[in-house]
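In case you want the letters, here they are:
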Amino acid sequence: MTDTNDSADQLREQVRVAAHSGVPLQISGGGSKSFYGRATVGTPLSTIAHRGIVTYDPGELVITARAGTPLTQIEAALAEKNQMLAFEPPYLGESATLGGAIATGLSGPRRPYVGAARDFVLGVKLINGQAEILSFGGQVMKNVAGYDVARLMVGALGTLGVLLEISLKVLPRPATELTLVQHRTPNEAIEVMNIWARRPLPLSACCYDGDGLYVRLCGADSAVRAAHDKIGGEILTNAQNFWHALREQFHAFFDGPLPLWRVAVPPARPSLRIPGKWLIDWGGAQRWLKSDTDAATICRTAAEGGGHATLFRGGDRGGYIFHPLAPGLLALHQRIKNAMDPQHIFNPGKMYPNL
Amino acid sequence: MQTTLSDSLRSTPLGQEADSILRACVHCGFCAATCPTYGLLGDELDSPRGRIYLIKQMLEGATAGQNTQLHLDRCLACRACETTCPSGVRYGRLLDIGRAAIEQRVRRPLPEQIKRHLLRVVIPYERRFTVVLRVAQTLRAFLPPTWRRSIPPPQLPTSWPRSSHERKMLALAGCVQTPIAPNIDAATARVLDCLGISLVRASGGGCCGALSYHLGAQEDGLEFARRNIDAWWPHVESGAEAIAINASGCGVMVKEYGHLLREDPSYAERADRISAMAMDISEVLAKENRAALAPAGIGTARIAFHSPCSLQHGQKLAGLVESILESAGFELTPVPDGHLCCGSAGSYSLLQPELSRQLLLQRVLALESGQPTAIGTANIGCLAHLQSRTSVPVRHWIELLDPGASVVSLRDEGAQVELTEPTTL
Amino acid sequence: MGAIMIYCPNSPPGKTIMKTPVTNVQPRNRRELIAALQRVLPSQALLSETEDLRPYECDGLSAYCELPMLVALPDTVEQVRAVLVACHERGVPVVARGAGTGLSGGALPCSNGVLLSLAKFNRILEIDAANRTARVQPGVRNLAISQAVAHLGLYYAPDPSSQIACSIGGNVAENAGGVHCLKYGLTVHNIQMLSFLTIEGELITVGGAALDAPGYDLLAFMTGSEGLLGVIVEITVKLLPQPERAQVVLAAFDDVEKAGAAVAAIIGAGIVPAGLEMMDNLAIRAAEQFVHAGYPVDAEAILLCELDGVNEEVSEQILQVREIFQQCGATESHTARDERERALFWAGRKAAFPAVGRLAPDYYCMDGTIPRKHLARVLRRIGEMSAEAGLAVANVFHAGDGNLHPLILYDANKPGDLERTERLGAKILELCVAVGGTITGEHGVGVEKINQMCIQFSASALAQFHALKHAFDPRGLLNPGKAVPTLQRCAEYGAMHVHGGKVLFPDLERF
């Protein structure tokens, strides 16, 4: 843990100047996920120098680290104590930082079974639009004092403040993991995934890539073996590579120039009728789509299916990216933005125009 | 909770009792969860916690008027809240104190007074009630169906065993049970006879007093208690071992005689003894070797048991009858929300017909949900009330154990009930 | 910066640090408001006579009372909207209330405001077994949800001790936890969608039927906002499969510190129990009197450790946990014989608060959370402070997540007792903050811990809270005076508590 550096004061100064001049800032960490969200312009503000694990107490199941800390460093420190970030943050690039993982709020394959990034955030330290350094939440498991600004920051794409430090709940690594493969049709796969999810099985990931239905079990050795007997299927060797490739979008499905859509629907929803190539993750709750179908059609179909669609990669980064909000909700977003960042200096337009 | 009862009130035994009950309450609100009226109305004032507060403010000298009276009237006195209360608040007792207090403060409208007076001068007196019941039964066929349903059809009395055993237990003469369902006492006597016990009816006894006592006429209620004590006492002295009560609503009252008459020097001691001897018939059976009982018609009989509030909450005997029936070989069907009142609750069905009807419908749906052959219960009020809304025969559970009866024959009676309205909420 | 603009004129007893009378509702206006509300509510749904209002003057924290101006009992969303619009137009504060079981005075009424009861909203609207969700009204009782889906093999995980009575709307407003949140999370982790009305009467839906809704995570932000941001009218909760097996181990200790060490050892062994609860001797005795669970009444502390999941895993972990208990010096430990006994073990724990009502007429419940490693030290200090104050403290806590519930026993009828209790409570909470914890883990700030907010948060963080509140409720009409103190209040509280630069607990390491 020698790789630490506190540059909060410099970051704060940069925010102060921007607030004064009204020139927007473009916040970045390692840049691994800079493609995500809408394209923005502004003076670059990098958190990469503000790095290092501040405290890590395995007995408390809590880690606190600066936003610029590389995810690799955090995960290595946790692995040493046989613990993990249970939401399996996608890196999407080796330079990924903790700040980026939290600002994008993305989660990996384990998400439907243990929770999303936001579920593990216990507290944050941030710089608001008035260049004040503020702490919210804490470093304990339960804390309901004050509004939950810490979770509000998760997935806000840096539009509400500059993350300085994040405290996360961590979990022990499971003793055993086992991945099974079954061959199913898409709708069969969706049905089976949801039947499993209703039963007390030690599931930790469930994905269908158009060919195989992959299910990951975790826990005590005996528990995993018992679940294997109930579910059936062939054991996948090299399973870690499979789930890593899925999380990092190295899986062959993600190849090719077509835009990549993330469609979130209620997990038991049968296949959506949008032309393109599908990969079903999160036990049916997250569906990746490679398609050049127009945004309006995808958005409408997702909504009709009870969900929403995000243009994750590719396509027109200045057009439709995130599912539109209802007018009242959008207005509320704008008021929240004004409350945190009255000068609109943080990543303006990154999530929605005028936000 | 903090209380500020006036010194003058706090110096009376009743005031002290009320104060100690109020102070045991920590206002957690758990009680509301199992309160039937709060479940229907969703108003704090119709929950035990709200009523406790209403009584508290009245005893603390704040204005208490018709609204307080209304919400206290709406209470079923089912005491489900007492079962739920972790702090041990004796709500039922506080309610009696509160009702007596509001009765003194708020004059009811004349029609209401007349109605209550009529209930008090008819129901607790077996002969008067019998006359009214027989007239109603005669007119039954000519009445509109909704009225007809609430009048139980006549039941022929059955014979008591002739044999006399050394072991004797006393019966409560009671008021409405014999005119409506004379078979219950006879069946009880026959079941006890099988166990080598004679059930004795003491002359001079009558109503247990609960109806009057809970209708705000507490002195009347105590007078009934004294009469029963007088009637039983010679038998107690000559060795009767228990008072075996087969109406749980009466049982809970008799068990409280000792407490209620503790300030009456000429009755306190005897009342205490009587209360100690009072047992629900299920408590009696639970202690006996029941091998000699061979109920007819088991095998095919699926019983839904409606545990009266006075049994499960008042006497805290939840589960006892069920275990007796199961060990006798009956199959018990599941009854959702079995802690809830059927809406009979003494005179409640007559004084709060709308709430009573809603609770009855809920209960009948719950009881019928397991498709039982018969519904068993342990109190005459619940029995008649439930039977008014279901075509499944409703019986006192002791009748199911009666060696002289067959469960199959119960069907005929159920079929007489005409249901013109669907049983839905 | 948008500070709260309207305050309850009467702060609760003992908290009378500032009074800002902004009563803009005169008797004539009250009559006009009543007339307006009578137009939108059924006749029985508006209470205005003192006799009827009095039982609404407090929630589960009866030490603080305030008579509301009116109580509204709507039973449709349209009625709620109409009440809010009428109040907003007239600048009348609104306090929403569910089952009134909260322990922080979050539903304490405003004397110049309307208390809006949502208790009539007690219907489960839809159960979606395939997607494992239930859509419910806010007045539905927490336990009623699990009961309604039990036949599907599902349940709703958060189980506050008051789950028999507390409403799901209140759970969301307070971000309620429970004995099983160590493994299954708080309310925020177990809900998926919320609909709420703003004070202006606009219906807003956040979250969704699908995971990770677009935009800011307002689902999380609304959760635990203590009724200051909107009035929740519908909730979609997540349902989990009932575990194949759940088993509880009870261990007794002759020393509270040994029990604390056992807690650390279990977590350290990589076990995440479904629940890990501690009770001290006073609490054990009170609970035992009510449930007769067979708790060892002479133990200084007991731990209840629940393990759930796949049968084989539970068996393995029970052995592990019992071994740990033994190593940590448990005087006895045994596993619940059957489901009945397991339920009984928990029934005692869940009824522990009100059961303490058997030991003293009143109790004052604290809710601090601390890093687990300080458990033994904080308990010792609480014991010392309790002795100094001459007030007994019963300790009941979610040891697994470091969430303490010291119950200060007092007698509200004794003059001065409540004030001494409040002072002791404040010191306990400040101790929690000093060791790196928080003043409230799951009960909410309400009115009870409002002063301690000044200690946990900087002035600029509090100002940020006010700005966010302003984004939802610019006139500050929703539940005024709760959850977030004004800066002025903090200044006055600080002046009272820090004399001559002396800080509380100077001996403790600061975080």
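Quick summary incoming for the structure in this document. In this text the structure is predicted, and so the values were computed from the model without any measurement.

1. Description of the overall build of chain A
Consideration 1: From N to C terminus, chain A includes eleven helices and 17 strands.
Consideration 2: Over its C-alpha trace chain A gives a radius of gyration of 21 Å, about what one expects of a compact globule, namely 20 Å for 355 residues.
Consideration 3: Judged by the C-alpha coordinates and their principal axes, chain A covers about 60 × 50 × 35 Å.
Consideration 4: Excluding contacts between residues fewer than 6 apart, the proportion of contacts in chain A whose partners are at least 24 apart in sequence is 68%.
Consideration 5: A total accessible area of about 12,600 Å² is found for chain A, and carbon and sulfur atoms account for 52% of it.
Consideration 6: Looking at charge distribution, chain A has the averaged site of its 34 positive side-chain charges lying 5 Å from that of its 30 negative ones.

2. Section: the side chain of B:H27
Consideration 1: Among the secondary structure elements, B:H27 is positioned in the loop between α2 (13–24) and α3 (30–33).
Consideration 2: The exposure class of B:H27 is buried, given its relative accessible area of 0%.
Consideration 3: Of the polar contacts made by the side chain of B:H27, one reaches the backbone oxygen of C:D59; its length is 2.7 Å.
Consideration 4: In contact with B:H27, other than residues within four places in its own chain, are B:M1, B:R49, B:Y53, C:C58, C:D59, C:G60 and C:S62.

3. Thoughts on the pairing of strand β7 (residues 133–137) of chain A
Residues and elements named next belong to chain A.
Consideration 1: Two strands pair when backbone bridges link them, and strand β6 (residues 121–127) and β7 are joined in this way by five bridges, in the antiparallel orientation. Its bridge partner lying in β7, L126 is registered against L134.
Consideration 2: The antiparallel pairing of β6 with β7 creates a hairpin that spans five residues between the two strands, and A131 there sits at a positive phi of about 60 degrees.

4. Some points on the sheet that holds strand β8 (residues 191–197) of chain C
All names here are of chain C.
Consideration 1: Ordered by their spatial adjacency, five strands build an open sheet running β5-β6-β10-β8-β9, and the pairing between neighbours is antiparallel. Looking at the sheet topology across the chains shown, the edges are occupied by β5 (124–128) and β9 (203–207). Averaged over all pairs of adjacent strands, the angle between their axes in this sheet comes to 15 degrees, without regard to strand direction.
Consideration 2: Two strands pair when backbone bridges link them, and β5 and strand β6 (residues 133–136) are joined in this way by four bridges, in the antiparallel orientation. Bridge pairing in β6 places I127 opposite A134.

5. Remarks on the interface of chain C and chain B
Consideration 1: Contacts between the two partners involve 43 residues from chain C, matched on the other side by 40 residues from chain B.
Consideration 2: Both sides of the chain C and chain B interface together cover about 2,900 Å² of buried area, and 49% of this is carbon and sulfur.
Consideration 3: Between the two partners, chain C and chain B, sit two salt bridges.
Consideration 4: Note that C:D411 is salt-bridged to B:R23, the shortest N-O span being 2.1 Å.
Consideration 5: Taken together, the connections running from chain C to chain B amount to 22 residue pairs in polar contact (both at pLDDT 80 or more).
Consideration 6: Going through the elements one at a time, α2 (50–53), α12 (352–356) and β16 (362–365) of chain C are the ones with two or more residues in the side of chain C that touches chain B.

6. Looking at the state of the cysteines
Consideration 1: Enumeration according to the criterion identifies one disulfide over all chains in this entry.
Consideration 2: Of the cysteine sulfurs around A:C206, a residue in no disulfide, the closest is that of A:C207, at 8.1 Å.

7. Some remarks on the pattern of salt bridges
Consideration 1: Counted by the stated rule, this structure contains 70 salt bridges over all chains.
Consideration 2: Between C:E244 and A:K230 there is a salt bridge whose closest N-O contact spans 2.6 Å. Placement of C:E244 in the loop between β11 (240–241) and β12 (245–253) and of A:K230 in helix α8 (residues 221–231) is noted, with the two residues assigned to different chains.
Consideration 3: According to the relative accessible area criterion, C:E244 is partly exposed, its value standing at 34%.
Consideration 4: Of the residues examined, A:K230 reaches a relative accessible area of 37% and is grouped as partly exposed.
Consideration 5: A single network of salt bridges, built from pairs that share partners, joins B:E17, B:R90, B:R93, B:R262 and B:E263.

8. Some words on the interface of chain C and chain A
Consideration 1: Listed per partner, the contact involves 83 residues of chain C and 72 residues of chain A.
Consideration 2: Of the roughly 6,200 Å² buried between chain C and chain A, counting both surfaces, carbon and sulfur atoms make up 60%.
Consideration 3: Our count for the chain C to chain A interface comes out at seven salt bridges.
Consideration 4: For A:K142, the salt bridge is made with C:D401, and the minimal N-O distance between the two is 3.6 Å.

9. Considerations on unusual backbone geometry
Consideration 1: We note that A:A131 has phi near 60 degrees; this positive angle belongs to a residue other than glycine.
Consideration 2: Assignment of secondary structure puts A:A131 in the loop between β6 and β7.
Consideration 3: Given the relative accessible area of 4%, A:A131 is considered buried.
Consideration 4: Notably, B:A345 is not glycine yet its phi reads approximately 45 degrees, a positive angle.

10. Side note on the sheet that holds strand β2 (residues 197–201) of chain B
Residue and element names in this part refer to chain B.
Consideration 1: Taken in spatial order, the four strands make up an open sheet running β2-β1-β3-β4, and their pairing is parallel. Of all the strands in the sheet, the pair left with one neighbour each is β2 and β4 (278–280). For this sheet, the mean angle separating the axes of adjacent strands, direction not counted, is 40 degrees.
Consideration 2: Bridging between strand β1 (residues 167–171) and strand β3 (residues 242–245) involves two bridges; their strand directions are parallel. When the bridges of β3 are listed, M169 appears paired with A242.
Consideration 3: Packed onto the sheet, helix α18 (residues 268–277) meets β3 and β4 and runs at close to 25 degrees relative to β4.

Each value, and the rule that gives it
- Residues numbered from 1 in each chain as written.
- Chains lettered and ligands numbered in written order.
- Predicted model: local features only at pLDDT ≥ 70, side-chain atom pairs only at ≥ 80, totals over all residues.
- Heavy atoms only, no water.
- Helix = DSSP H or I, 4+ residues; strand = E, 2+ residues; numbered from the N terminus.
- Rg over C-alpha atoms; globule rule 2.2 N^0.38 Å.
- Contact = heavy atoms within 4.5 Å.
- Areas by Shrake-Rupley, 256 points an atom, 1.4 Å probe, with all protein chains shown as cover.
- Lys, Arg positive; Asp, Glu negative; His and termini not counted.
- Charge placed at Lys NZ, Arg CZ, Asp CG, Glu CD.
- Buried < 20%, exposed > 50% of the residue type's maximum accessible area, 1.4 Å probe, protein only.
- Polar contact = N/O pair within 3.5 Å; in protein donor to acceptor, adjacent residues only side chain to side chain.
- Pairing = 2+ DSSP bridges.
- Axes fitted to C-alpha atoms, helices over the stretch in contact; angles between N-to-C directions.
- Buried area = accessible area lost by both parts, 1.4 Å probe.
- Salt bridge = Lys/Arg side-chain N within 4 Å of Asp/Glu carboxyl O.
- Disulfide = S-S within 2.5 Å.

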